[in-house]
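# Residue-level structure breakdown
What follows is the residue order along each chain.
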Amino acid sequence: MMVNEMAFSQYDLLSKFMIAPASLHHHAYNGGLAMHTCEVLNIASTMGTMLSPDEYGLVMTACFLHDIGKVLKYAGGNRSLSKRGSLLGHEVTMLEIITPIADRIWSFGDPKWLMLLHLLTAKPAPKWTVIRQPRINLVSLVRFADSWSAKGQQYAQNNFGNQNLINVSFQSPMHEN
């Protein structure tokens, strides 16, 4: 059993994942989190063709788990924050969900576990924060796929009035009919 499968076996997360919104801004509808996660995986998979198998596996795992804390951030699939969501947010909740699972797979300090944590938590931020700056390019791939999905969905919704037209924003102007 892999990290992803084990994560969903806790707290009845799969049913919550399937109805949760991805945010209050993009994919902000029931099932939006599942749609957003699939898009992030698709984008990263397309871009990650030149990665080593270990790097590819870590990137795909990070893409799959990056927003898993949102299943408990929103109240029952609604677009309102739960108490946990307002107090902790989805990133702390994500770490709470995956840490016990990782402890069963990897030993403390295992390089793959540390790399996965880095992929999930590193982002550009002021130096005075506790957030770590990205140290490897794989972080950029995960962040880019996440951002592309979010911004593409917002673009489609704003310009085409349909939140499910994500592929419209990925088409090149060179391929218009």
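Residues numbered from 1 in each chain as written. Predicted model: local features only at pLDDT ≥ 70, side-chain atom pairs only at ≥ 80, totals over all residues. Heavy atoms only, no water.

### A short note on helix H8 (residues 111–121)
Residues of H8 that are buried: Trp 113, Leu 116, His 118, Leu 119 and Leu 120. Of the residues that open H8, the one with a side-chain oxygen 2.8 Å from the backbone nitrogen of Lys 112 is Asp 110. (Buried < 20%, exposed > 50% of the residue type's maximum accessible area, 1.4 Å probe, protein only. Helix = DSSP H or I, 4+ residues; strand = E, 2+ residues; numbered from the N terminus. Polar contact = N/O pair within 3.5 Å; in protein donor to acceptor, adjacent residues only side chain to side chain.)

### Quick look at the environment of Ala 150
Looking at the element boundaries, Ala 150 is found in helix H9 (residues 137–160). Taking the relative accessible area as the measure of exposure, Ala 150 reaches 11% and is therefore buried. Residues Ala 150 and Glu 39, 111 residues apart in the sequence, show an inter-C-alpha distance of 9.1 Å. Sequence-distant contacts of Ala 150, that is, excluding residues within four places in its chain, are made with His 26, His 27 and His 36. (Contact = heavy atoms within 4.5 Å.)

### A few points about the packing of helix H4 (residues 53–65) against H8
Packing of H4 against H8 leaves a shortest axis separation of 9 Å and a crossing angle of 45°. Put simply, H4 runs oblique to H8. Once H4 is placed against H8, the crossing between them reads as right-handed. Here Asp 54, Leu 58, Val 59, Thr 61, Ala 62 and Leu 65 of H4 lie close against H8, whose contacting residues are Lys 112, Met 115, Leu 116, Leu 119 and Leu 120. Residue composition of the contact of H4 with H8, by class: 8 nonpolar, 1 polar and 2 charged. (Axes fitted to C-alpha atoms, helices over the stretch in contact; angles between N-to-C directions. Parallel < 35°, antiparallel > 145°, perpendicular 65-115°, else oblique. Left-handed = near helix turned anticlockwise from the far one by under 90°. Nonpolar A, V, L, I, M, F, W, Y, C, P; charged D, E, K, R; others polar.)

### What about the pattern of salt bridges?
In the structure shown here, the tally under the stated rule is 2 salt bridges. With a shortest N-O distance of 3.6 Å, Lys 112 and Asp 54 are connected by a salt bridge. Here Asp 54 lies in helix H4 and Lys 112 lies in helix H8, a separation of 58 residues in the sequence. Exposure remark for Lys 112: the relative accessible area of 37% places this residue in the partly exposed category. By relative accessible area, Asp 54 is classed as partly exposed at 48%. Asp 67 is the salt-bridge partner of Lys 70, the closest N and O atoms lying 3.6 Å from each other. Each of the two residues, Lys 70 as well as Asp 67, counts as buried. (Salt bridge = Lys/Arg side-chain N within 4 Å of Asp/Glu carboxyl O.)

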